[in-house]
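Single-letter residue listing:
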Amino acid sequence: MCTSKDICVIIGASHAGVNTAFNLRKEKWLGKIILIDADPELPYHRPPLSKTYLTANTSTTNLLKPIESYKKDNITLLLGKKVTRLDAVNRCLFLDNETKIDYTKLVLATGAKPIIPTIEGLKETASYFCLRTAADIVAIKESYNASKTKKVVIIGGGYIGLETAASLKKIGAEVVVLERESRILRRVATAVISDFFRDLHTQNGVQILENKEVSKVENTLENGVKVTKVHCTDASCFTAEVLILGVGVIPNTELAKQAGLKLKNGISVANTGETSNLNIYAVGDCTYHYNLHYKTYVRLESVQNAVDQSKIIAANICGNPLIYNTIPWFWSDQYNVKLQIVGLAENYTDYIVREEQDKENVISVWYFNNDELLAVNAINHTKAYVFGTKFIKESKKIAKEKLADTSIPLSKDIAVVN
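Treat the numbers as computed from the prediction; the structure is a model and nothing was measured.

A. Quick peek at the packing of aromatic side chains. In this structure the tally under the stated criterion is nine aromatic pairs. Ring geometry for Tyr 288 and Tyr 297: centres 5.6 Å apart, planes at 20°, overall stacked. By relative accessible area, Tyr 288 is classed as buried at 13%. According to the relative accessible area criterion, Tyr 297 is partly exposed, its value standing at 47%. Pairwise contacts between aromatic rings join Tyr 288, Tyr 290 and Tyr 297 into one cluster. In this structure, Lys 65 is placed above the aromatic ring of Phe 22, and the distance from its NZ or CZ to the ring centre is 4.8 Å.

Here's what the structure looks like:
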């Protein structure tokens, strides 16, 4: 049981860290809660960074909680402060100004950082941007607004790269997306989904180019304008005033390493959120955990995972045992299209595509491992997402012939009665 003398320190103030702090109070944590983040901004929603924040006329962010909420729940915010050292033996940490902070329990919500690919000339190119924080968005918008040609090159055709492309296109950019793989979204979706979004972007004037390995970038002058030349291994070259990297992220594990925690594709945690150190928990994008439904270890980069894990961790820290057991879900907004994803499609043996009759761009892809429904990708199709979620959670067997027949309306009747 916790006491008023206990201290829980949370490193990282994104969705995972903030929700953990407030859930601790809901679980009756009596002691002090200290929330630390290197970002000086009051904690804000991250998903809109590649969407509405880019197209908005203001730099104001959508706050996770108003400042009054932190005061009401007696949560101490230390923003714009970086943790440089972690001493797990003596249960203390040090900030960049050498301030020492002791803890009873520690939660690592350190998230992930953008991958910076090894490209010749990239480090010398001051005009490239990643997209991870509000400050990144401000920098991108300032650079874009100051540009003469409005030419943007995005390296990486994953969801972040495509969402960014859609947002910048809305405000008039000339956008080229360079993807190293043979198709966009290759690592996370079937060719059906890849082709749909490729066509969607092409129809909106974004140039999607696959099999493009960037080998070199260089700053130069073109008609008196400072630009970046992006060279590919096939000798093609593209010009940009704004260069954006969207090739993925890696978990922030530096502090976990200092603490001697078990690491594997992130910080290894039990289904309680506990790390290999009994006094340290981890939550969110930085964690590698066992999914009970799919019987495999995963690291998830999603708000759903961060929020749900935070509830489990807070309960366990406060002595109320709970196990993390949820079905992952994700979403992506591009132009007027919403993609909703439920489940994990890894190791699928086959899939069924439904294109609903008399409904344009209403599509769902259902992934199976033999008779087991693994995941559903729903494009503008909330009904498919809702039914898919229900069927996966309940381990329902699906009548595939009914699912594939679009003359039969999608309903609960496609599930086989046991």
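B. Spotlight on the nonpolar core. Residues Val 152, Val 175, Phe 197 and Trp 366 are the most contacted members of the largest nonpolar core, which totals 63 residues. Here this core takes six residues from strand E26 (residues 372–379), the largest share from any one element. Leu 35, Leu 42, Tyr 70 and Ala 306 belong to the second-largest nonpolar core, a separate cluster that totals 25 residues.

C. Quick look at the environment of Ala 173. Note on placement: Ala 173 falls in the loop between helix H5 (159–170) and strand E11 (174–178). Linking Ala 173 and Gly 17, residues 156 residues apart in sequence, is a C-alpha distance of 35 Å. Not counting residues within four places of it along the chain, the set of residues in contact with Ala 173 comprises Tyr 144, Lys 150, Val 152 and Leu 168.

D. Representation of the sheet that holds strand E20 (residues 287–291). In spatial order, the strands read E18-E20-E21; together these three strands make up an open sheet with mixed pairing. In this open sheet, the two strands that pair with only one neighbour each are strand E18 (267–268) and strand E21 (296–298). One ladder, built from two bridges, connects E18 with E20; its direction is parallel. Across the sheet, residue Ile 267 finds its bridge partner in E20, namely Thr 287.

E. Up close: the UniProt feature "domain: Reductase C-terminal" (unreviewed entry) in the protein chain. UniProt records the feature "domain: Reductase C-terminal" (unreviewed entry) for residues 329–411 in the present numbering. Measuring from the first to the last C-alpha atom of residues 329–411 gives 20 Å, for a span that is 20% helix and 41% strand.

F. How the structure looks around unusual backbone geometry. At Asn 211, a position not held by glycine, the phi torsion is positive, near 55°. Within the secondary structure, Asn 211 sits in the loop between strand E12 (207–209) and strand E13 (214–222). For Asn 347, which is not glycine, the phi dihedral falls at a positive 65°. One can find Asn 347 in the loop between strand E23 (337–343) and strand E24 (350–355). Among the residues examined, Asn 347 registers a relative accessible area of 63% and is labelled exposed.

G. Looking closely at H5. Here H5 is twelve residues long and its end C-alpha atoms lie 17 Å apart, about the 16 Å a rise of 1.5 Å per residue gives. Taken across its twelve residues, H5 has nine buried, putting it largely inside the fold. Within H5 the residues assigned to the buried category are Tyr 159, Gly 161, Leu 162, Glu 163, Thr 164, Ala 165, Ala 166, Ser 167 and Leu 168. Count one or two residues on from H5 and you reach Gly 172, which has phi positive near 100°.

H. Here's a closer look at the pattern of salt bridges. All told, the structure shown has 18 salt bridges when counted by the stated rule. Where Lys 113 meets Glu 254, a salt bridge forms, and the shortest distance between an N and an O atom there is 2.4 Å. Remark: Glu 254 occurs in helix H7 (residues 254–258) and Lys 113 occurs in strand E8 (residues 112–114); sequence separation between them is 141 residues. Residue Lys 113 is classed as partly exposed on the basis of its relative accessible area, which comes to 29%. Glu 394 is paired through a salt bridge with Lys 390; the nearest N and O atoms lie 2.9 Å apart. Judged by its relative accessible area of 40%, Glu 394 is partly exposed. Here the salt bridges do not stand alone but share partners, grouping Glu 181, Arg 186 and Arg 187 into one network.

I. Seen up close, the pairing of strand E14 (residues 225–232). Across the eight residues of E14, six count as buried, placing the element largely inside the fold. Where E13 folds back onto E14 in an antiparallel hairpin, the turn is made up of two residues, including Asn 223, whose phi is positive at roughly 55°. In this structure, E14 lies alongside strand E15 (residues 237–240), joined through four bridges in antiparallel fashion. Across the sheet, the residue bridging to Lys 229 is Thr 239, located in E15. Here E14 folds back onto E15 in antiparallel fashion, the turn holding four residues, of which Ala 235 has a positive phi close to 80°.

J. The arrangement of the pairing of E26 in detail. Within E26, seven of the eight residues are buried, leaving the element largely enclosed by the surrounding structure. In this structure, E23 lies alongside E26, joined through five bridges in antiparallel fashion. If you follow Val 342 over to E26, its bridge partner there is Val 376. Bridge analysis of strand E25 (residues 363–369) against E26 gives seven bridges, and the strand direction is antiparallel. Bridge pairing in E26 links Asn 369 to Glu 372.

K. Local environment of the sheet that holds strand E7 (residues 105–108). Ordered in space as E3-E2-E1-E7-E19, the five strands form an open sheet in which the pairing is parallel. Of all the strands in the sheet, the pair left with one neighbour each is strand E3 (75–79) and strand E19 (280–282). With direction set aside, neighbouring strand axes in the sheet form an average angle of 20°. Alignment of strand E2 (residues 32–37) against E3, held across five bridges, turns out to be parallel. When the bridges of E3 are listed, Ile 34 appears paired with Thr 76.

Definitions and cut-offs
- Residues numbered from 1 in each chain as written.
- Predicted model: local features only at pLDDT ≥ 70, side-chain atom pairs only at ≥ 80, totals over all residues.
- Heavy atoms only, no water.
- Phe/Tyr/Trp six-rings, centres within 6.5 Å; stacked < 30°, edge-to-face > 60°.
- Buried < 20%, exposed > 50% of the residue type's maximum accessible area, 1.4 Å probe, protein only.
- Lys NZ or Arg CZ within 6 Å of the ring centre and 35° of its normal.
- Core = buried A, V, L, I, M, F, W, Y, C linked by side-chain atoms within 4.5 Å.
- Helix = DSSP H or I, 4+ residues; strand = E, 2+ residues; numbered from the N terminus.
- Contact = heavy atoms within 4.5 Å.
- Pairing = 2+ DSSP bridges.
- UniProt positions renumbered as here; feature names shortened; annotations may be inferred.
- Expected span 1.5 Å × (residues − 1).
- Salt bridge = Lys/Arg side-chain N within 4 Å of Asp/Glu carboxyl O.
- Axes fitted to C-alpha atoms, helices over the stretch in contact; angles between N-to-C directions.

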